2 protein chains.
Amino acid sequence: MIPPLIAPDRRADIKARHRRAILDAADALIRERGKPQFSVNELADRADVSRRTVFNHFTSLDDVIMTTCTRLLGVTVDDFRAATRATPAGDGSRVALFDEITTALRAVDLPTVVSYLWGVLAADGENGRSQHALTDVFTRATEQLSAEIADRSTAIDAFEVAILVSTVMNGVAVVSEHWIAMTGATLDESSRTVWDDLLNRLIASIRMGYSASS
Amino acid sequence: MIPPLIAPDRRADIKARHRRAILDAADALIRERGKPQFSVNELADRADVSRRTVFNHFTSLDDVIMTTCTRLLGVTVDDFRAATRATPAGDGSRVALFDEITTALRAVDLPTVVSYLWGVLAADGENGRSQHALTDVFTRATEQLSAEIADRSTAIDAFEVAILVSTVMNGVAVVSEHWIAMTGATLDESSRTVWDDLLNRLIASIRMGYSASS
DNA sequence: TGCACTTTGTGCGTCGTTGCACTTAGTGTA
DNA sequence: TACACTAAGTGCAACGACGCACAAAGTGCA
């Protein structure tokens, strides 16, 4: 999942391993408890490092949690990238690109990601700083995807690609908000069905403006 | 098998873990190759430490190998101890104690231990120092067992216990030599049968002098 | 036998982890 | 509201792992 780091030497490798272990531990604790409800001591124990080491790598416990979320989003973007690459290339049209993106969107486990991030945010309560940080990361992910897809879809104007990706991503954000309100971000079968319905409605709605007239 | 070390703190614990990893790696390499035919670099890689760390814990590669053998013997003695404890207590007589010891002897996988140690010794060639070191360890193991069994068998004189244990251990050494000569210390089914035969002959031979007259 | 190469073992300095004592902030209760 | 306790975060020193350059020993070959 996360590519192994090629460190220049053992010392750097071990340092990177410790940092990764801390993030892995935070991730596991968040998944187990549905929210970042653990102490620095618990995190250090789970990561098998000392509590001082946690602060050697991160400025605060909040920093660990934010980095864990950023990492998860990075992985999700990678998954999405891989899914778009696996989709057969269309005829180079805007319609084909849209189909490619939405097919990839369905292939990625977005409910799990949204549930996770919401669990972290909900625990933070009115902490706008955390929410803002996550919005930043989400924005950057959208920009990265736009740039990459524009590179690959040379038949389509980069500006058009940016509009398309941004529209879809914004739509996903709206779907997420509704889904959380309707299901409480649980991950059971019925909750996933609700997600699928909302996502299909989003895709159908945006597609109406993209249908090929023949 | 090897009891987890209860270290006073993390630093001591990690240090002990590194030392143990080096010994585990040496053990694995000896078992894979039938003899201690590896470099310090290979050992360090396998143990996931730096080659400097190997020398932080041990004075030489030979020291690592010797400690690995000592550790194996220690484990074997522990297995033997456990086997004697599991054997139902006799009537407190010399004959009963002999039966207890020989039952335990059959329960321990001695061929594997002898084959391993022979592999290490053979690789050393005429290095008498290694052989002497191993004899020392074997002697100490015999002494430890004598002391422990004497403590548990209060009905029997400690001197008698020492004679008994020493006789049996010396017999095991003789069985080992013959077994190696006959089988080359291989561990296949026929080789193990030869070991069993030799051990049975040893036990029968010593028992003749111990049979209860009724 | 001499030479080139590899491996072992070592001294010393660097780096990162850890221990510990401390301050500050948060929390619960009387 | 004050107090006692817990937890987060920090500065500093000690420790052990590591990197590196080096000398010595071992090995293979011409």
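Residues numbered from 1 in each chain as written. Chains lettered and ligands numbered in written order. Predicted model: local features only at pLDDT ≥ 70, side-chain atom pairs only at ≥ 80, totals over all residues.

Draft legend 1. Structural context of the overall build of chain A. Scanning chain A from terminus to terminus reveals 9 helices and 0 strands. Ordered by position from the N terminus, the helices and strands of chain A form the series α-α-α-α-α-α-α-α-α. In chain A, which comprises 214 residues, the proportion classed as buried is 23%. For chain A, long-range pairs separated by at least 24 residues make up 61% of all intrachain contacts whose partners lie at least 6 apart in sequence. (Helix = DSSP H or I, 4+ residues; strand = E, 2+ residues; numbered from the N terminus. Buried ≥ 20, exposed ≤ 12 C-beta atoms within 10 Å, placed from the backbone. Contact = placed C-beta atoms within 7 Å.)

Draft legend 2. Broad picture of the domain arrangement of chain A. All names here are of chain A. Here the domain parsing of chain A yields domain 1 (1-58) and domain 2 (60-208). Elements supplying a minimum of two residues to the side of domain 1 that touches domain 2: α1 (10-33) and α2 (40-47). Broken down by element, the residue count for the side of domain 1 that touches domain 2 peaks at 5 residues, all from α1. (Domains from an automatic or database assignment.)

Draft legend 3. Here's a closer look at the confidence of the model for chain A. Residues and elements named next belong to chain A. Looking at chain A as a whole, the pLDDT averages 84, with 86% of positions reaching at least 70. Within chain A, helix α3 (residues 51-57) carries the highest mean pLDDT (96), whereas helix α7 (residues 128-152) carries the lowest (68). For this predicted complex, the interface score ipTM comes out at 0.78, alongside a pTM of 0.81. (pLDDT = per-residue confidence, 0-100.)

Draft legend 4. The arrangement of unusual backbone geometry in detail. Residue and element names in this part refer to chain B. Residue D48 is not a glycine yet carries a positive backbone phi of 65°. Here D48 lies in the loop between α2 (40-47) and α3 (51-57). Even without being a glycine, A185 presents a positive backbone phi close to 65°. Within the element layout of this structure, A185 appears in the loop between α8 (158-183) and α9 (189-208). A residue is classified by how many C-beta atoms lie within 10 Å of it, and A185, with 21 of them, is buried.

Draft legend 5. Expanded view of the protein's contact with DNA strand D. Near DNA strand D, the surroundings consist of 21 residues, among which D9, R10, S60 and L61 of chain A together with T53 of chain B are the closest. Those elements that provide at least two residues to the surface near DNA strand D are α1, α2, α3 and α4 (61-86) of chain A together with α1 (10-33) and α3 of chain B. Class assignment of the residues belonging to the surface near DNA strand D gives a composition of 5 nonpolar, 8 polar and 8 charged. (Near = placed C-beta within 6 Å. Nonpolar A, V, L, I, M, F, W, Y, C, P; charged D, E, K, R; others polar.)

Draft legend 6. Representation of the protein's contact with DNA strand C. With respect to spatial proximity, 21 residues lie near DNA strand C, and among them T53 of chain A together with D9, R10, S60 and L61 of chain B are the closest. Of all the secondary-structure elements, those providing two or more residues to the surface near DNA strand C are α1 and α3 of chain A together with α1, α2, α3 and α4 (61-86) of chain B. When the residues that make up the surface near DNA strand C are grouped by side-chain class, the tally is 5 nonpolar, 8 polar and 8 charged.

Draft legend 7. Highlighting the UniProt feature "domain: HTH tetR-type" (unreviewed entry) in chain A. On the UniProt side, "domain: HTH tetR-type" (unreviewed entry) is annotated at positions that read residues 16-76 of chain A here. Its end C-alpha atoms 21 Å apart, residues 16-76 of chain A is made of 80% helix and 0% strand. (UniProt positions renumbered as here; feature names shortened; annotations may be inferred.)

Draft legend 8. Broad picture of the nonpolar core. Core analysis: the largest hydrophobic core is formed by 39 residues, its most contacted members being I22, A26 and L43 of chain A. Elements that contribute at least two residues to this core include exactly α1, α2, α4, α5 (94-107), α6 (110-124), α7, α8 (158-183) and α9 (189-208) of chain A. Dropping the residues within four chain positions of it, L43 of chain A is found in contact with I22, A25, A26, L29, F38, V54 and V64 of chain A. Judged by nonpolar contacts, the second largest core, of 38 residues, contains L23, L145, W195 and I203 of chain B. (Core = buried A, V, L, I, M, F, W, Y, C linked by C-beta atoms within 7 Å.)

Draft legend 9. Examining the packing of α1 of chain B against α4 of chain B more closely. Residues and elements named next belong to chain B. In the contact formed by α1 and α4, the axes pass within 9 Å of each other and the chain directions differ by 85°. One element, α1, and the other, α4, form an angle in the roughly perpendicular class. Within the contact between the two elements, α1 uses I22, L23, A26, D27 and I30 and α4 uses V64, I65, T67, T68 and R71. A per-class count over the contact of α1 with α4 returns 6 nonpolar, 2 polar and 2 charged. (Axes fitted to C-alpha atoms, helices over the stretch in contact; angles between N-to-C directions. Parallel < 35°, antiparallel > 145°, perpendicular 65-115°, else oblique.)

Draft legend 10. Here's a closer look at the environment of A83 of chain A. All names here are of chain A. The residue A83 is located in helix α4 in this model. On the basis of neighbour counts, which here come to 17 C-beta atoms within 10 Å, the residue A83 falls in the partly exposed class. Note: C-alpha distance between A83 and E160 (77 residues apart in sequence) is 21 Å. Each residue touching A83, except ones within four places of it in the same chain, is listed here: A104, A107 and V108.

Draft legend 11. How the structure looks around the environment of S153 of chain A. Residues and elements named next belong to chain A. One can find S153 in the loop between α7 and α8. S153 sits in the buried class, given 21 other C-beta atoms within 10 Å. Ignoring anything within four residues of it in the chain, the contact list for S153 reads L97 and V161.

Draft legend 12. Local environment of α5 of chain A. Helix length check: α5 of chain A, at 14 residues, gives a terminal C-alpha distance of 20 Å against a target of 20 Å (1.5 Å per residue), a fit within 8%. Of all the residues in α5 of chain A, the buried ones are L97, F98, E100, I101, T102, A104 and L105 of chain A. (Expected span 1.5 Å × (residues − 1).)

Draft legend 13. Seen up close, the UniProt feature "DNA-binding region" (unreviewed entry) in chain A. Under the feature "DNA-binding region" (unreviewed entry), the UniProt entry names residues 39-58 of chain A. As annotated, residues 39-58 of chain A comprises 75% helix and 0% strand, and the C-alpha atoms at either end are separated by 14 Å.

Draft legend 14. Focus on α1 of chain A. Residues and elements named next belong to chain A. Here α1 contains 24 residues, and its C-alpha end-to-end distance of 34 Å stays within 8% of the 34 Å for a straight helix at 1.5 Å per residue. Looking only at α1, the buried set comprises R19, I22, L23, A25, A26, L29 and I30. Just beyond α1, the residue with positive phi is G34, at close to 75°.

Draft legend 15. Fine view of the packing of α1 of chain B against α2 of chain B. Residue and element names in this part refer to chain B. Packing of α1 against α2 leaves a shortest axis separation of 8 Å and a crossing angle of 115°. Regarding α1 and α2, the two cross each other, and that crossing is right-handed. Seen from α1, the contacting residues are A21, I22, A25, A26, A28 and L29; seen from α2, they are E42, L43, R46 and A47. (Left-handed = near helix turned anticlockwise from the far one by under 90°.)

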